[in-house]
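An overview of the molecular structure
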Amino acid sequence: VSTDRDRDLDDEIAAHLRMAIEERVKRGESRDAAEAAVRREFGNVTHVKEVTREERDGRRLFESTVQVLRHAIRRLRRSPGYSVPVILSLALGIGLNTAVFSMLSNVLLRPLPFPNQSELITAGTRTHAPKDPPGMKDPTWETFGRDLAAWQNSRSLASAGTFSQYDAMIEGPFGPEQLSGAFASPSLLKVLGVQPLRGRWFAGDERGVRYVVIGYDLWKRQYSGDTNVVGRTLHIHGDPWTIIGVMPRGVGLPLDAEFWIPSTEVGGQLVARPKPGLSLAEVAKDLETSGPGLDNMRHAGFTVQVVVVPLHDQLVRSAGPALSLVAIGALLLLLIACANIANLSLARSLEQRRETAVRIALGARRRSLASLILAENLLLAMVGAVAGAVLAIWATRVLVSIAPAEITSVTDIGIDATSVVIAALLAVGTGLIVSLAPILAASHVTVHPALGENPRQGGGRGFRRFRRALVATQLALTLLLLTGTGMLVRSVQRLTRPDHLGFSPHGVTIATLDLFGSRFRVPGARTSFLNALALRAKALPYVTDVGLGPAPLVGGRGEGLREGFNAIAGYRDSATNANVTFWVKDIDPGYLATYKIHLIAGRAFRETDDSLAPQVALLNAAAARMFFGRNNALDQTLPPKVRFVFRDKNHPLVHIVGIVSDVLQRDLAIETVPEIYLPVKQTPESPVVAVAVRSPAPSKDVVAALQQAIREIDPHVAATRLEPMDAVVSASLARHTFLLYLLSVLSGLAIALSVIGLYAVVSYLVSQRTFEFGLRIALGAQQRNIFGLVFKEAALLVGIGLLVGVPAALGLSKFIAAFLYEVKPHDLVTFASVPILLCVVGFAAAFQPARRAVGVDPAKTLRTD
Amino acid sequence: MAKRGLSRIELLQGTLDMIVLQTLRWGPRHGYGIAQMIRSTSSNALQVETGSLYPALHRLEKQKLISADWDTSENGQRVRVYKLTPAGKKQLVAERSRWDQMSTAIAAIFNTPVEEP
């Protein structure tokens with residue numbers, strides 16, 4: 001077809017030329033002269049044909065795009081006052097979102113490093129009682145694998161293994177390190193479906209021998225990747241262990257573990273592959289009915305519900321909600337940035353109304369104007385995206401460095417292809433969104449009025465309303481961010497108050513010791529070491545108190561045994577029919593004073609409460625309430641129905657001699673659990689391994705002194721934890737502070753962007769009404785009247801922002817409720833102070849334009865316009 | 001070179017299109033005839049470059065504002081004859097009012113007082 005049409009065009013033009021020549025010949029020119037003249041007149045025939053074909057078939061897309069882009073670049077370079085702020089806002093919005101979403105996708109979506117990893121499941125137990133404290137809603141995962149043999153023969157599981165976190169002090173050829181490691185069952189690798197890189201995994205006959213499998217990084221670091229590493233020695237807590245294997249790079253469970261030792265009777269968290277075709281619910285049902293290990297817990301008064309989830313979900317579970325919240329915050333910031341850009345771009349298109357009108361008058365099609373605007377904004381978005389990507393690389397590094405371990409331990413996080421795609425999508429998306437307003441504006445330009453009007457008074461009522469709406473939206477979104485952040489701030493404040501903690505962390509230094517080696521299996525060995533350490537600690541200068549007993553706020557990640565808890569006990573409350581778990585802590589007489597735990601009634605333990613004296617106990621307030629309700633718990637005996645789960649301990653007559661205030665144990669944000677304190681001396685083979693020291697001296701010195709003391713008593717004993725209690729508190733707060741830090745940064749940026757938006761609109765208003773202000777001043781208006789006029793505009797915008805933002809924030813606040821502690825989602829203080837802050841912000845943004853308005857020189861203004 | 005020619009055509013297209021449509025109001029005509037007609041009716045003031053006439057004709061044809069047929073001219077030439085479509089007539093009316101706006105516009109540009117910076 002095309003060649004036919006080309007021939008037609010050739011014929012058409014040939015006919016034209018012939019006619020023109022003929023006419024000239026008729027007028028008496030020579031044929032040669034006529035031909036030459038016509039050719040000259042017609043111009044380049046080939047070129048005309050080319051252009052005609054282009055007009056007929058449409059210009060090739062690529063060429064026209066290049067042309068539009070060139071034009072756009074020229075225009076943008078001419079107005080840096082517009083391009084630079086737009087690029088900066090975009091870089092900020094896109095950069096932060098790319099960083100946050102990369103993190104999100106890395107943490108939540110990246111598969112575990114095992115073949116068919118989606119089949120892997122884990123299981124936990126939970127008691128489902130209506131009155132359980134909210135913190136106990138999390139299932140317990142750490143202990144489910146205790147009866148591994150039974151699970152391996154279960155009807156629903158094809159294979160099963162266990163692991164449990166075990167952090168330890170190790171020593172290789174390059175010196176000692178504190179490392180994450182794990183107890184692992186011999187079956188674990190078969191379940192995971194991986195093979196060691198070198199050597200072998202455990203065979204199940206490791207009783208009495210110390211065999212260890214090390215991770216790739218540890219192999220490279222401590223043994224320089226020695227190919228003959230199998231058979232060499234790794235010291236764990238001073239004991240020599242023989243290396244039998246090396247794991248492949250990045251493969252292992254827990255994901256951050258660097259060494260594995262065979263689990264003996266300890267068990268741990270279950271990892272399994274279900275038999276084909278079974279749903280998670282079916283597996284849970286089977287485990288719940290067939291699991292023999294659960295009987296013990298049922299006998300202790302628990303009703304047990306088994307929870308089965310994909311292993312991946314369980315490993316990343318805790319990071320999900322916090323990251324989502326940050327992602328929402330980042331998206332809000334991007335929206336605020338978009339509103340800003342749309343606003344700037346609209347202001348620019350208003351300034352260019354005359355230019356647009358002239359273009360339209362000269363025949364430019366509205367579509368080509370729209371494509372120009374689109375090209376400009378997409379260009380800006382692309383430049384912004386590149387700048388944003390650079391920012392994202394940096395921001396990701398910062399994010400990873402401040403993120404709590406539950407996020408960073410999952411995987412190494414960096415900017416990858418996904419991030420690039422995310423950034424590009426964000427850029428195109430924002431480019432399109434911010435183009436809408438000015439395109440609409442341009443399509444409403446009508447030639448006549450736009451050209452006739454004064455450039456300073458451009459923009460109809462519709463535009464003004466639209467720009468106001470943009471700024472009000474911005475303010476409303478900022479308010480959302482600010483209230484969220486405000487409530488988190490309040491929540492963290494509450495979390496760290498001593499009356500919430502139940503003890504006073506400041507000035508306390510704790511030492512948890514690894515007293516689990518074979519040397520300490522001798523009866524009394526552990527206690528004698530601890531007593532020796534306590535004696536030395538008491539002798540240190542400036543030490544006021546020393547206490548033995550498990551430290552508060554530790555033991556959250558299934559580390560209870562390592563931190564020296566006596567046991568966890570269970571109890572079924574007949575009145576409420578609720579199942580209750582509580583902690584049992586062995587302490588010495590100095591413990592309460594060291595932590596400044598308040599004694600509500602009765603007495604503390606004495607040195608005379610020893611193995612010969614009657615058995616005594618202290619309850620915390622929660623436990624007293626639980627056992628005796630409103631009745632006095634003092635001088636009662638511990639109810640016989642209290643059962644200790646992990647230990648078959650009989651407690652014929654334990655007298656309750658005192659009640660102490662509740663102390664946070666698992667997590668800052670989790671409600672207190674009932675606790676029973678027993679004297680160390682009345683508990684043979686007490687598992688306590690922790691010493692606490694209170695001293696006004698700098699904690700650094702106390703840590704050093706304790707280190708020294710430990711070394712002097714037994715150079716082979718390592719401290720698994722030796723740090724000021726303040727550090728424990730902030731570590732326990734890590735998830736909250738991470739959120740708080742990020743949301744604070746986002747809020748700060750949101751405020752900055754809103755100020756810019758507000759400033760732009762108010763100052764535009766001032767320039768628009770210069771004439772009016774001049775007239776008013778000329779007629780005798782006072783400064784404050786003019787100020788009032790300008791601030792009225794700002795107040796209007798802030799007012800609309802508040803009217804929209806406050807209800808929206810109230811409506812959305814339930815999403816943040818999960819992160820709040822003792823702060824209601826409708827927290828009055830936050831909802832009162834954030835609007836005030838926004839009013840201050842509004843005032844600040846309007847101040848400079850208002851001063852300009854007051855400074856209008858009536859003589860000059862009135863003459864010019 | 002090619003690029004420059006292109007942009008010149010684009011700049012004039014609105015005006016030229018209107019003139020072509022106006023010319024065809026008097027009946028179907030071939031390209032050469034249109035060029036002649038424009039020259040004579042504007043008393044030779046508008047020298048329409050043939051280089052931009054044919055692109056304009058084919059553009060208008062594509063926009064279905066004019067239609068074209070092969071015919072034989074009075075002196076036996078095979079020529080392509082263009083005529084106005086109903087859409088073209090409507091467009092012409094619109095173009096006229098736009099033309100009026102444009103004259104006002106250009107007048108306004110020349111009459112705008114110099115702004116203070």
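As a further point, take the overall build of chain A. Secondary structure summary: chain A contains 29 helices and 21 strands in total. Taken across its 865 residues, chain A has 53% of its residues classed as buried. Restricting to contacts in chain A with at least 6 residues of sequence separation, those with at least 24 account for 80%. About 38,800 Å² of surface is accessible on chain A, with carbon and sulfur atoms providing 59% of the total.

Let us now look at the overall build of chain B. Each helix and strand in chain B was counted, giving four helices and three strands. Each of the 117 residues in chain B was classed as buried or not, and the buried ones make up 44%. Taken as a whole, chain B presents about 6,900 Å² of accessible surface, with 57% of it coming from carbon and sulfur.

Turning next to the sheet that holds strand β1 (residues 29-30) of chain B. All names here are of chain B. Here we have three strands laid out as an open sheet, ordered β1-β3-β2, and antiparallel in their pairing. Two strands lie at the open edges of the sheet, namely β1 and β2 (66-72), each paired on one side alone. Examined bridge by bridge, β1 and strand β3 (residues 78-84) share two bridges and lie antiparallel to one another. Counted as the bridge partner of Arg29 is Tyr82 from β3.

Residues and elements named next belong to chain A. Helix α27 (residues 783-812) packs onto helix α25 (residues 734-768) with a crossing angle of 145 degrees between their chain directions and a minimal axis gap of 10 Å. Where α25 crosses over α27, the two elements pack in a sense that is right-handed. Residues Leu758, Val761, Val762, Leu765 and Val766 of α25 form the contact with α27, whose own contacting residues are Val790, Glu793, Ala794, Leu797 and Val798. Of the residues assigned to the contact of α25 with α27, the class counts are nine nonpolar, no polar and one charged.

Turning our eyes to something else, we now look at the pairing of strand β19 (residues 675-679) of chain A. Residues and elements named next belong to chain A. In terms of burial, β19 is largely enclosed, as five of its five residues are buried. By the alternation rule, side chains of β19 split into Glu675, Tyr677 and Pro679 and Ile676 and Leu678, which are all buried. Relative to β19, strand β16 (residues 616-620) runs antiparallel, the two being bridged by two bridges. Bridge pairing in β19 links Leu619 to Ile676.

Further remarks concern the packing of aromatic side chains. Residues and elements named next belong to chain A. Counted according to the given criterion, the structure contains 12 aromatic pairs over all chains. Between the aromatic rings of Tyr591 and Tyr595, the centroid separation amounts to 4.9 Å while the plane-to-plane angle is 55 degrees, which identifies the pairing as tilted. One end of the pair, Tyr591, and the other, Tyr595, are both in helix α21 (residues 591-595), four residues apart, so they sit about a helical turn from each other. With relative accessibility at 0%, the residue Tyr591 sits in the buried group. Note on Phe791 and Phe843: the rings are 4.7 Å apart at their centroids and 5 degrees apart in plane angle, and the pair reads as stacked. Of this pair, Phe791 sits in helix α27 while Phe843 sits in helix α28 (residues 828-854), and the two are 52 residues apart along the sequence.

All names here are of chain A. Cis geometry marks the peptide bond from Leu253 to Pro254, where omega comes out at -5 degrees. Among the secondary structure elements, Pro254 is positioned in the loop between β7 (239-246) and β8 (259-262). Unlike most non-glycine residues, Tyr542 shows phi in positive territory, near 70 degrees. Among the secondary structure elements, Tyr542 is positioned in the loop between α20 (525-539) and β12 (545-548). Even without a glycine there, the phi angle at Lys596 is positive, about 55 degrees.

Residue and element names in this part refer to chain A. Taken together, four strands build an open sheet; the order of strands is β12-β20-β11-β21 and the sheet is antiparallel. Here the strands that pair on one side only, and so sit at the sheet edges, are β12 and β21 (719-724). If you compare each strand with its neighbour and ignore which way they point, the axes differ by 10 degrees on average. By the bridge criterion, five bridges tie strand β11 (residues 508-513) to β21 in an arrangement that is antiparallel. Bridging from a neighbouring strand, Ile510 pairs with Glu723 of β21. Helix-sheet contacts for helix α24 (residues 725-732) involve β11 and β21, and the interaxial angle to β21 is about 95 degrees.

This part takes up a nonpolar patch on the surface. A contiguous nonpolar surface patch, about 360 Å² in accessible area, is contributed by Leu796, Ile800, Leu803 and Val804 of chain A. Inspection of the secondary structure assignment puts Leu796 of chain A in helix α27.

All names here are of chain A. Applying the stated criterion across every chain yields a total of 19 salt bridges over all chains. Glu29 is the salt-bridge partner of Arg24, the closest N and O atoms lying 3.2 Å from each other. You can call Arg24 buried: its relative accessible area is 16%. On the accessibility criterion, Glu29 (29% relative accessible area) is partly exposed.

So, on to the side chain of Asn97 of chain A. Residues and elements named next belong to chain A. Considering the arrangement of structural elements, one finds Asn97 in helix α5 (residues 80-109). For Asn97, a relative accessible area of 0% puts it in the buried group. At 3.4 Å, the side chain of Asn97 and the backbone nitrogen of Leu331 are in polar contact. Apart from residues no more than four positions distant in its own chain, Asn97 is found in contact with Ala327, Ala330, Leu331, Leu334 and Leu426.

What follows concerns the confidence of the model for chain B. Residue and element names in this part refer to chain B. Put simply, chain B has an average pLDDT of 76, and 77% of its residues get 70 or more. Looking across chain B, the model is least confident in helix α1 (residues 2-24), with a mean pLDDT of 60, and most confident in β3, with 89. Segment residues 1-12: pLDDT under 50, and 12 contacts once partners within four positions in sequence are set aside and those in other chains are kept.

Attention now moves to the pairing of strand β6 (residues 233-236) of chain A. Residues and elements named next belong to chain A. Residues Leu234 and Ile236 point to one face of β6 and are all buried, whereas Thr233 and His235, pointing to the other face, are not buried. For β6 and β7, the ladder comprises four bridges, and the chain directions are antiparallel. Note on β7: the bridge partner recorded for Ile236 is Asp239.

Here the focus is the confidence of the model for chain A. Residues and elements named next belong to chain A. Scored by pLDDT, chain A has a mean of 79; 83% of the residues are at 70 or more. Below a pLDDT of 50 lies the segment residues 128-136, which in the model reaches 13 contacts outside its immediate sequence neighbourhood of four places, other chains included. Confidence over residues 556-562 falls short of pLDDT 50; this stretch has 14 contacts with residues more than four positions distant or in other chains.

Residues and elements named next belong to chain A. Where α25 meets α28, the closest approach of the two axes is 9 Å, and the angle between their N-to-C directions is 35 degrees. Judged by the sense of rotation from one axis to the other, the crossing of α25 with α28 is right-handed. When α25 is examined against α28, the residues Ile751, Val755, Leu758, Tyr759, Val762, Ser763, Val766 and Ser767 are found in contact with a partner set consisting of Leu837, Val841, Gly842, Ala845, Ala846, Gln848, Pro849, Arg852 and Ala853. Classifying every residue of the contact of α25 with α28 gives 12 nonpolar, four polar and one charged.

This paragraph deals with the environment of Leu599 of chain A. Residue and element names in this part refer to chain A. Within the secondary structure layout, Leu599 lies in strand β15 (residues 599-602). Along the primary structure Leu599 and Val660 are separated by 61 residues, whereas in three dimensions their C-alpha atoms are 4.4 Å apart. If sequence neighbours within four positions are ignored, Leu599 has contacts with Leu592, Ala604, Ile659 and Val660.

Cut-offs and rules
- Residues numbered from 1 in each chain as written.
- Chains lettered and ligands numbered in written order.
- Predicted model: local features only at pLDDT ≥ 70, side-chain atom pairs only at ≥ 80, totals over all residues.
- Heavy atoms only, no water.
- Helix = DSSP H or I, 4+ residues; strand = E, 2+ residues; numbered from the N terminus.
- Buried < 20%, exposed > 50% of the residue type's maximum accessible area, 1.4 Å probe, protein only.
- Contact = heavy atoms within 4.5 Å.
- Areas by Shrake-Rupley, 256 points an atom, 1.4 Å probe, with all protein chains shown as cover.
- Pairing = 2+ DSSP bridges.
- Axes fitted to C-alpha atoms, helices over the stretch in contact; angles between N-to-C directions.
- Left-handed = near helix turned anticlockwise from the far one by under 90°.
- Nonpolar A, V, L, I, M, F, W, Y, C, P; charged D, E, K, R; others polar.
- Phe/Tyr/Trp six-rings, centres within 6.5 Å; stacked < 30°, edge-to-face > 60°.
- Patch = residues over 30% accessible without salt bridge, like charges linked within 9 Å, V, L, I, M, F, W, Y side chains within 5 Å.
- Salt bridge = Lys/Arg side-chain N within 4 Å of Asp/Glu carboxyl O.
- Polar contact = N/O pair within 3.5 Å; in protein donor to acceptor, adjacent residues only side chain to side chain.
- pLDDT = per-residue confidence, 0-100.

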